[in-house]
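# Secondary and tertiary structure notes
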Amino acid sequence: MHPNFSVRNRFLSLFFTLCMLYTVSGCAKKSEPLTKTGFFFDTVITLTIYDSSGESLLDDCFSLADQYEKLFSATIDTSDIARINQAKGSPVTVSDETIELIQKGLTYCKLSEGGFDLTIGNVSSLWNFSENEGTLPDAGQLADAVSTVDYENIVIEDNEVRLKNPKTAIDLGGIAKGYIADRMKEYLNQNGIMEGTINLGGNVLCIGPKKDGSPYRIGIQKPFDGQGAAAAVVEVTDETVVSSGVYERYITVDDKLYHHIINPATGYPYENTLLGVTIICKDSVDGDGLSTTCFSLGLEKGMELIESLPDTEGIFITEDYNFHCSSGIGDTIPFEER
């Protein structure tokens, strides 16, 4: 049931699923798409636009990806986040973008009541799913790391950030890709690009409707499918589709699966009958924050949250492979498999 293949291959399978759906489902177009692919944030990213003169704009978007990775990555020593983590509680002056992203992340820390927590850095570094071949963290080290997790340790004053607990470490991995996708879309819109897709490792942001007015069709991956097959397809216009699932990054130890969506209170992966959560909304940063937040809340509370938010829909996949959709979707979603 759980194929033994690398983390990078899992990202690639979802990447190709989404790309194939976008390509196959679209109507014939007079202009050929321009596509650029790269590897940032430990995942494959691809941008597609329909403008033959837009190649330099794609290059600029990848420059943005590089710029933001150097600001937000906890593993680049000179980044804003690494400097905050290394400062042992002293205030650190950071960029406007870093302040904006941390503040957005704190919104979801509070909304999830700590189920999503930006200060999970010490815990996530012990798991290190990108390189882990099947080793659990030391229980004592994990307990020590959990004791440093508390988003209320983050203090922001103007452009300075400090950590009240000098051992606390910020990790923006749960929300950074959405923010970056939004900034790319903003840049492309400012330069006249009104049709295309931005795919940051399964975080898909659609630019406008297609030229013929039809929506984009985006696939939701069937959990643990080695070929990246789509379990369902959603149709969106100028919206984002963001998924968080146990099948994205995981290890198996003694026949037990340990996935990358970590409970900040325990240091271990959430166990709540969910395989994945997909959010459909306007801004990708909100899709990122909500997908993890709703996963942490579980099916019932997560769905209650989605139903309380305007212009936001959610799809929850439970471990029995059933789909649970918010009221705005209902049974209209064209499921490939139930």
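Owing to the predicted nature of the structure, the values given are computational and were not obtained by experimental measurement. (Residues numbered from 1 in each chain as written. Predicted model: local features only at pLDDT ≥ 70, side-chain atom pairs only at ≥ 80, totals over all residues. Heavy atoms only, no water.)

### Notes on the overall build of the protein
A count of helices and strands for the protein gives eight helices and 15 strands. Across the 338 residues in the protein, those meeting the buried criterion constitute 54%. If you take every contact in the protein between residues at least 6 apart in sequence, the share linking residues at least 24 apart comes to 61%. In the form shown here, the protein has an accessible surface area of approximately 14,900 Å², with 47% of it arising from carbon and sulfur atoms. (Helix = DSSP H or I, 4+ residues; strand = E, 2+ residues; numbered from the N terminus. Buried < 20%, exposed > 50% of the residue type's maximum accessible area, 1.4 Å probe, protein only. Contact = heavy atoms within 4.5 Å. Areas by Shrake-Rupley, 256 points an atom, 1.4 Å probe, with all protein chains shown as cover.)

### Details of the pattern of salt bridges
In the structure shown here, the tally under the stated rule is nine salt bridges. Between aspartate 66 and lysine 70 there is a salt bridge, with its nearest N and O atoms 3.1 Å apart. A residue pair is termed a helical-turn pair when its members lie 3 or 4 positions apart in one helix, as aspartate 66 and lysine 70 do in helix 2 (residues 55-72) at four residues. Accessibility expressed as a relative area gives 28% for aspartate 66, which makes it partly exposed. Under the relative-accessibility criterion, lysine 70 is labelled partly exposed at 45%. In the salt-bridge network here, residues are joined through shared partners; they are Lys185, Asp238 and Lys282. (Salt bridge = Lys/Arg side-chain N within 4 Å of Asp/Glu carboxyl O.)

### Some details on the packing of aromatic side chains
Under the criterion given, the structure shown has eleven aromatic pairs. Between tryptophan 127 and phenylalanine 129, the ring centres sit 5.4 Å apart and the planes meet at 5°, which makes this aromatic pair stacked. Since its relative accessible area comes to 1%, tryptophan 127 is described here as buried. Residue phenylalanine 129 is classed as buried on the basis of its relative accessible area, which comes to 6%. Centroid distance tryptophan 127 to tyrosine 268: 5.9 Å. Interplanar angle 80°. Geometry classified as edge-to-face. Residue tryptophan 127 is found in helix 5 (residues 121-127), and its partner tyrosine 268 is found in the loop between strand 12 (256-259) and strand 13 (274-281); the two are separated by 141 residues along the sequence. (Phe/Tyr/Trp six-rings, centres within 6.5 Å; stacked < 30°, edge-to-face > 60°.)

### Side note on the confidence of the model for the protein
Mean pLDDT for the protein: 88, with 88% of residues reaching 70 or above. Under a pLDDT of 50 for its full length, residues 1-30 has, in the predicted model, 64 contacts with residues more than four places off or in other chains. (pLDDT = per-residue confidence, 0-100.)

### Digging into the environment of leucine 172
Along the polypeptide, leucine 172 turns up in the loop between strand 5 (160-163) and helix 7 (176-190). According to the relative accessible area criterion, leucine 172 is buried, its value standing at 2%. As a C-alpha pair, leucine 172 and glycine 121 span 51 residues in sequence and 8.4 Å in three-dimensional space. In this structure, leucine 172 is in contact with Phe72, Ile81, Leu101, Ile102 and Leu118, ignoring residues within four places of it in sequence.

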